[in-house]
Amino acid sequence: MIFKVFFQENAAEVPVREKTKTAYVEGISERDVRQKLKSLPYNVEFVQVLDAEYLEFEKQNPDFRIMEIE
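Residues numbered from 1 in each chain as written. Predicted model: local features only at pLDDT ≥ 70, side-chain atom pairs only at ≥ 80, totals over all residues. Heavy atoms only, no water.

1. Let's talk about the overall build of the chain
And then number 1: For the chain, the count of helices and strands is 2 helices and 4 strands.
And then number 2: Ordered by position from N to C terminus, the α and β elements of the chain give β-β-α-β-α-β.
And then number 3: The buried share of the chain, reckoned over its 70 residues, is 26%.
And then number 4: Sequence-distant contacts in the chain: of pairs separated by 6 or more residues, those separated by 24 or more amount to 61%.
And then number 5: Between the centroid of the 10 positive side chains of the chain and the centroid of its 14 negative side chains there is a distance of 5 Å. (Helix = DSSP H or I, 4+ residues; strand = E, 2+ residues; numbered from the N terminus. Buried < 20%, exposed > 50% of the residue type's maximum accessible area, 1.4 Å probe, protein only. Contact = heavy atoms within 4.5 Å. Lys, Arg positive; Asp, Glu negative; His and termini not counted. Charge placed at Lys NZ, Arg CZ, Asp CG, Glu CD.)

2. Concerning the environment of Tyr24
And then number 1: By the element assignment, Tyr24 lies in strand 2 (residues 21–26).
And then number 2: Looking at Tyr24, the relative accessible area reads 6%, which means it is buried.
And then number 3: Residues Tyr24 and Arg65, spaced 41 residues apart in sequence, show a C-alpha to C-alpha distance of 6.7 Å.
And then number 4: In contact with Tyr24, not counting residues within four places along its chain, are Ile2, Phe3, Lys4, Leu50, Glu58, Phe64, Arg65, Ile66 and Met67.
And then number 5: A polar side-chain atom of Tyr24 sits 2.3 Å from a polar atom in the side chain of Glu58. (Polar contact = N/O pair within 3.5 Å; in protein donor to acceptor, adjacent residues only side chain to side chain.)

3. Let's talk about the environment of Val25
And then number 1: Here Val25 shows up in strand 2.
And then number 2: Distance from Val25 to Val49, taken between C-alpha atoms, is 9.6 Å for residues 24 residues apart in sequence.
And then number 3: In this view, Val25 contacts Met1, Ile2, Phe3, Val5, Val33, Lys36, Leu37, Ile66, Met67 and Ile69; residues no more than four positions away in its chain are not counted.

4. Here we look at the sheet that holds strand 1 (residues 2–8)
And then number 1: Pairing is mixed across the open sheet formed by 4 strands, whose spatial order is 3-1-2-4. Every interior strand has two partners, whereas the edge strands, strand 3 (43–49) and strand 4 (66–67), have only one.
And then number 2: Direction of pairing for strand 1 relative to strand 2: antiparallel, over a ladder of 6 bridges. Bridging from a neighbouring strand, Lys4 pairs with Tyr24 of strand 2.
And then number 3: Along the sheet face, helix 1 (residues 30–37) touches strand 1, strand 2, strand 3 and strand 4 and points at about 150° away from the line of strand 3. (Pairing = 2+ DSSP bridges. Axes fitted to C-alpha atoms, helices over the stretch in contact; angles between N-to-C directions.)

5. Regarding the layout of surface pockets
Rolled over the atoms, a probe sized like a water molecule indicates the empty space that remains.
And then number 1: As a volume, the largest pocket reaches approximately 210 Å³.
And then number 2: Along its surface, the largest pocket is lined by Phe7, Thr22, Ala23, Tyr24, Tyr42, Asn61, Asp63, Arg65, Ile66 and Met67.
And then number 3: Elements supplying a minimum of two residues to the lining of the largest pocket: strand 2 and strand 4.
And then number 4: Per-element accounting of the lining of the largest pocket gives the leading share, 3 residues, to strand 2. (1 Å grid on protein atoms, 1.4 Å probe; cavity = no way out; pocket = protein on both sides within 12 Å on 5 of 7 lines; lining within 4 Å. Points joined across faces, edges and corners; volume = space filled by probe spheres on them.)

Written as structure tokens, this is what we have:
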């Protein structure tokens, strides 16, 4: 499954909505995605599973790419 992750790049700073970024991560569950992101210095705000229709909509964005994390 593909998940849309909303995050702040610096976990040490107070979250500010205008600085929220998104990434797309492949995983088997929300927990799996959060574990993959654990090693990065991100403050993960929200992880959303993308159903087929929403995923197709997101793919229309020219900046769409799935983040490669091991």
